[in-house]
Amino acid sequence: MGTIGRRRLLVGGAVAAATWRCGPVPILGATGRMPGRLPLAAVTRPDGTTLARTILRPPGEGYRRLVEGPGQAIVVRDELGPPQPGREDRRRPLAVFVQLSDLHLVDVQSPGRVELLDPLGAPYSGAWRPQEALSTQVASAMVAHLNGLGHGPVTGRPFDALVCTGDNIDNGQVNELEWFVRVLDGGRLTPDSGDLGRYEGVQDDVDRDRRFWHPDEGGTDDWTAAGFPTFDGLLADALAPFETEALAVPWWPAYGNHDGLLQGNAAPHPSFDTILTGDRKIVDLPAGTDPNTFVATLLTEPRAVADRLRTRDYVTREVAADEDRRSITRTDWIDRLLASDAGPHGYVDADRDATKTWYRFPLADGVVGISLDTCAHGGSAGGCITEGQLRWLETELAAVHTTHLGPDGGVVRTGADDQLVVVFSHHTAGTMDADVPDPAFPAERMVGGTELVATLLRYPNVVAWVNGHTHVHEVHVHPHPQGLTPGFWEVTTASHIDFPQQSRVLELVDNADGTHSLFGVVLDHDGPLAADADDRSLAGLVAISRELSANDGQGHSEPFSDPGVFNVELVRPAPFVRGGPVAPPPDLAHTGPSTVPLAGVGLALVAGGAALQAAVRLRERTL
């Protein structure tokens, strides 16, 4: 199979853990027990979600067509506190919101992309994907599906908002940013650049490079030799203008590493713009060139790469130049979102001069969202925040807490009104490991995931931290080490660029028994299950994209291998701070210290805490 062997066509599929056909949806306990069932009256619309059906790549070698699988049960996660019986009859919805993550809307023709590295395998195996020319169509199809769904499948409450948790675009370009806003605001979108109407990239027949899949008929490559089908004219259809449907609820974007860095790794530089907007694209390296040396030079000395590009030292091809491919700044990002039809998306004019890409926003009545910028703007795929952003976060959290813990563990009473909090970012706790200075704040210390988790644990109203970046579904629990606050859940949702191309609906409920639950239900876009080579409607194109992604070695063929990170009920004690004279109610009594309740929330107090789960796996997209 040639170079494709370094990535391997995926072998095997996944078997769903439970079946939903009719009757109640089973709720599986985290250890396999059956604590109860969710009545159909509470699951108002399982259709359109993975509660009703899943989409699987069946076992076998080579290219596989997708098949329908059974629905995936809701798994109860109780590490932070025991679920109380009968809660399904008492629960009251507080907020329902949708998470989209890692859309990676990509200008596939950009000279700034480095597809040539992809066949080399790890760590470069995310530099190109056979389905990536259809990224805008996949995102638009998901928006249309969400508009049709309209409310949470468990509670029936209409969606309050949608949050995009970063890597909304792929290469930090102005034209990609425009496509992102157009996908959510609605209107006519042309996902093309350069010579409009003519694809110029690694998948055309100008130089039929065997390392990449060529969908048009004629000739062979390593991918078609391995069983990939032909979809004649697909590239032209992928670049064609189409109408997008405006999202029906407010939307709030977080900033990811691909939103502001070249290929998600390199900080903007004038020499990069020379490459991005120019008419020469690097398609291969001279014989004997070490790819690692090339990457190091690209990241640290972009001027040297631009100079060698001008002198034709690399193997290049000519493409149409396009000024709209220039790299975006944080000011560009803020300006475009302020100008959005559905704006301003958390930003104010003063954020432009401050280059402030983090903000607080109203998620629902009594529930606050906080969007962090975890992008390492100095250049790194890993995440971090500045110490100034951390201090800002502490101020915002204190403003929605009656009581919290100070850095020394002492109880702090603010007199503020209590509101529940959901934190959003691109990076996970485990992938916030960068330590590169932010060019806009060069004197500030960089803060990683461990310190951010410790900070959030001081504020008992923080229910969850919702993020992306790893391109896989994950759920992790963060208890307070001494049980002084209830702890919080970390929910990570997979990407739209890789299989299974899913989003997640999160429903926060008050169980009226001293606990809250955060339901997370995963959604597929509503493209047909079977890819039809003759169907080039929006639905047909996204069906092709999903099938390609399931057969791409970068994708993840077993999204159901751990049911505890997929469709979940995450139980958590209502907010409390231990250390004062107030005793908990007898029916929820614990053996630890007494507690000071958060009067504004007015819920009973229970003890929480469990050991922190294993470290987050890093499956991020790299160069």
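Residues numbered from 1 in each chain as written. Predicted model: local features only at pLDDT ≥ 70, side-chain atom pairs only at ≥ 80, totals over all residues. Heavy atoms only, no water.

**So, the overall build of the protein chain**
The number of helices and strands found in the protein chain is 13 helices and 27 strands. Split into buried and exposed, the 623 residues of the protein chain put 63% on the buried side. Intrachain contacts of the protein chain at a sequence separation of at least 6 include 75% that bridge at least 24 residues. Accessible area for the protein chain stands at about 20,600 Å²; split by element, carbon and sulfur atoms hold 53% of it. (Helix = DSSP H or I, 4+ residues; strand = E, 2+ residues; numbered from the N terminus. Buried < 20%, exposed > 50% of the residue type's maximum accessible area, 1.4 Å probe, protein only. Contact = heavy atoms within 4.5 Å. Areas by Shrake-Rupley, 256 points an atom, 1.4 Å probe, with all protein chains shown as cover.)

**Side note on the pairing of strand S14 (residues 367-371)**
The buried fraction of S14 amounts to 5 of the 5 residues, a majority that puts the element mostly inside the structure. In S14, alternate side chains face the same way, and those of Val367, Gly369 and Ser371 on one face and Val368 and Ile370 on the other are all buried. Here 5 bridges tie strand S13 (residues 359-364) to S14, and the two strands are oriented antiparallel to one another. Opposite Tyr359, over in S14, you have Ser371 as the bridge partner. Turn length for the S13-S14 hairpin, with the two strands adjacent in sequence and antiparallel, is 2 residues, and the turn residue Gly366 shows positive phi of about 85°. (Pairing = 2+ DSSP bridges.)

**With respect to the packing of helix H11 (residues 387-398) against helix H12 (residues 449-456)**
Helix packing for two helices is described by the angle between their axes and how far apart those axes are. Taken N-terminus to C-terminus, the directions of H11 and H12 make an angle of 15°; their axes are 11 Å apart at the nearest point. Comparing the axis directions of H11 and H12 gives the class roughly parallel. As H11 packs across H12, the resulting crossing turns out to be right-handed. Note on element contacts: H12 touches H11 through Glu451, Leu452, Thr455 and Leu456, opposite Leu390, Leu393, Glu394 and Leu397. Per-class residue counts for the contact of H11 with H12 are 5 nonpolar, 1 polar and 2 charged. (Axes fitted to C-alpha atoms, helices over the stretch in contact; angles between N-to-C directions. Parallel < 35°, antiparallel > 145°, perpendicular 65-115°, else oblique. Left-handed = near helix turned anticlockwise from the far one by under 90°. Nonpolar A, V, L, I, M, F, W, Y, C, P; charged D, E, K, R; others polar.)

**Some points on the nonpolar core**
Among the nonpolar cores identified, the biggest contains 64 residues, and Leu100, Leu162, Phe180, Leu184, Trp333, Leu363 and Val367 are the most heavily contacted of them. A total of 7 residues in this core trace back to one element, the largest contributor, which is helix H2 (residues 174-185). If we ignore the near neighbours within four places in the chain, the residues touching Val367 are Leu94, Ala95, Pro362, Gln419, Leu420, Val422 and Leu508. Grouped together as the second largest cluster of nonpolar side chains are 24 residues, Val400, Val421, Phe441 and Val462 included. (Core = buried A, V, L, I, M, F, W, Y, C linked by side-chain atoms within 4.5 Å.)

**With respect to the pattern of salt bridges**
Opposite charge on two side chains permits pairing when their charged atoms draw close. If you walk through the whole model with that rule in mind, you get 38 salt bridges. We note a salt bridge from Arg391 to Glu387, for which the minimum N-O separation is 2.9 Å. One end of the pair, Arg391, and the other, Glu387, are both in helix H11, 4 residues apart, so they sit about a helical turn from each other. Given the relative accessible area of 27%, Glu387 is considered partly exposed. Beyond isolated ion pairs, a larger network of salt bridges with shared partners links Glu387, Arg391, Glu394, Arg445, Glu451 and Arg458. (Salt bridge = Lys/Arg side-chain N within 4 Å of Asp/Glu carboxyl O.)

**Some remarks on the pairing of strand S6 (residues 92-100)**
Taking burial as the measure, the 9 residues of S6 include 7 buried ones, the bulk of the element. By the bridge criterion, 7 bridges tie S6 to strand S23 (residues 502-510) in an arrangement that is antiparallel. Bridge pairing in S23 places Val96 opposite Glu507. Strand direction decides the pairing type here: S6 and strand S7 (residues 161-165), joined by 4 bridges, are parallel. Residue pairing across strands places Val98 opposite Leu162, the latter belonging to S7. Crossover S6 to S7 through helix H1 (residues 135-149) is right-handed. (Right-handed = clockwise from strand over helix to strand, strands pointing away.)

**Description of the sheet that holds S14**
Spatial strand order, S13-S14-S18-S20-S22-S21: 6 strands in an open sheet with mixed pairing. At either end of the open sheet lies a strand with only one pairing partner, and these are S13 and strand S21 (474-478). Within the sheet, the average angular offset between the axes of one strand and its neighbour, ignoring direction, is 20°. Relative to strand S22 (residues 488-492), S21 is paired through 5 bridges, and the arrangement is antiparallel. Within S22, the position partnered with His476 by the bridge is Glu490. In the packing of H11 onto the sheet, contacts are made with S13, S14, strand S18 (420-424) and strand S20 (462-467), and the angle to S14 comes to roughly 175°. Strand contacts of H12: S18, S20, S21 and S22, with the helix running at about 155° to S20, the strand carrying the most contacts.

**Describing the packing of helix H7 (residues 291-300) against helix H8 (residues 302-310)**
Between H7 and H8, the shortest axis-to-axis distance is 5 Å and the interhelical angle comes to 110°. The angle between the axes of H7 and H8 places the two elements in the roughly perpendicular class. Where H7 abuts H8, its residues Phe294, Thr297, Leu298, Leu299 and Thr300 lie against Pro302, Ala304 and Val305. Among the residues forming the contact of H7 with H8, the class breakdown is 6 nonpolar, 2 polar and no charged.

Keep in mind that these numbers describe shape and distance, not what the molecule does.
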